[in-house]
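Commentary on secondary and tertiary structure
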Amino acid sequence: MDEEIKQEEMQETSLDSQQEVVESEDFEAKYNEMKNEYLKVFADFENTKKRLERDKDQALEYAYEKFAKDLLPTLDALNSAKEAAKEHEAISQGIVLVMENLLKTLEKYGISEIPTDGDFDPNLHDGIMQMPNPDLQDGQIAQVMQKGYRYKERTLRPAMVAIVKN
């Protein structure tokens, strides 16, 4: 009888240790699952934080964009006035001085004219027509209808141009 009791106790001890191993494995699996979930949430949080910081920096960097777009019609009007006043030298010079001062001020804040000499670039120019020109090669800009402007690296308004097609 003592021997039976000892065997039962040994079996119970064996079952208890097996149950402890199973509980330990369950705990470890649950721990690893929660750890992975935490790492994912933390990574999402860090990504969101970085994206918001980048968006804030970009918003500050391009804060004058709307203002710059609003000034473009004024530049166009000054350019038209300069063309119309070519016959009156004093008026023409005054308009040129005003335009130069305005363009210098705009350049100080990152606003510049898009160059229109050379080849057509669809990222900077809006080709509105094609025209023959024996002095230029195909794809070059023949005539500028409306000047284009950039604010830092962004195009505020593409330059409207005629492209050579011989």
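Conventions we followed
Residues numbered from 1 in each chain as written. Predicted model: local features only at pLDDT ≥ 70, side-chain atom pairs only at ≥ 80, totals over all residues. Heavy atoms only, no water. Pairing = 2+ DSSP bridges. Helix = DSSP H or I, 4+ residues; strand = E, 2+ residues; numbered from the N terminus. Axes fitted to C-alpha atoms, helices over the stretch in contact; angles between N-to-C directions. Core = buried A, V, L, I, M, F, W, Y, C linked by side-chain atoms within 4.5 Å. Buried < 20%, exposed > 50% of the residue type's maximum accessible area, 1.4 Å probe, protein only. Contact = heavy atoms within 4.5 Å. Expected span 1.5 Å × (residues − 1). Bend = angle between axes of the 7 residues up to and from the residue. Phe/Tyr/Trp six-rings, centres within 6.5 Å; stacked < 30°, edge-to-face > 60°. Lys NZ or Arg CZ within 6 Å of the ring centre and 35° of its normal.

With antiparallel pairing, the three strands of this open sheet are ordered in space as β1-β4-β5. Among the strands making up the open sheet, the edge pair consists of β1 (111-113) and β5 (154-157). Each neighbouring strand pair of the sheet contributes to a mean axis angle of 35°, computed without reference to strand direction. Direction of pairing for strand β4 (residues 149-151) relative to β5: antiparallel, over a ladder of three bridges. In the strand pairing of β5, Arg150 is matched with Thr155.

Of all hydrophobic cores here, the largest spans eleven residues; its members are Tyr62, Ala68, Leu71, Leu72, Leu75, Leu103, Leu106, Ile111, Tyr149, Tyr151 and Leu156. Secondary structure elements with two or more residues in this core: α2 (65-84), α3 (89-108) and β4. Residue contributions to this core peak at four residues, all from α2. The contact partners of Leu75, leaving out residues within four places of it in the chain, are Met99, Leu102, Leu103, Leu106 and Tyr149.

Once that is clear, we can look at α2. For α2, with 20 residues, the first-to-last C-alpha span of 29 Å sits near the 28 Å given by 1.5 Å per residue. If you look at α2, its biggest bend is around 25°, right at Leu71, and the proline Pro73 turns up within four residues after that. Buried within α2 are the following residues: Glu65, Ala68, Leu71, Leu72, Leu75, Asp76 and Leu78. Looking at the buried side of α2, the elements it contacts are α3, β1, β3 (141-146), β4 and β5.

On to the environment of Leu102. For Leu102, the location among the structural elements is in helix α3. With 31 residues separating them along the chain, Leu102 and Leu71 place their C-alpha atoms 9.9 Å apart. Those residues within four positions of Leu102 in sequence are excluded, and the remaining contacts are Leu75 and Leu78.

Counted according to the given criterion, the structure contains three aromatic pairs. With a centroid separation of 5.6 Å and an interplanar angle of 80°, the aromatic rings of Tyr62 and Tyr151 are classed as edge-to-face. Taken together, the residues span a long stretch of sequence, with Tyr62 in the loop between α1 (2-61) and α2 and Tyr151 in strand β4 at a distance of 89 residues. Here the two residues Tyr62 and Tyr151 agree in accessibility, since each one is buried. With a centroid separation of 5.6 Å and 65° between ring planes, the pair formed by Tyr64 and Tyr109 is classed as edge-to-face. Separated by 45 residues along the polypeptide, Tyr64 in the loop between α1 and α2 and Tyr109 in the loop between α3 and β1 bring together distant segments of the chain. Look at Tyr109 and you get partly exposed, because its relative accessible area is 39%. Here the guanidinium or amino end of Lys152 rests over the ring plane of Tyr62, the centre of that ring lying 5.9 Å away. Taking the ring centre of Tyr62 as reference, the NZ or CZ of Arg154 above it sits at 3.9 Å.

So far we have only geometry, and geometry alone does not tell us how the molecule works.
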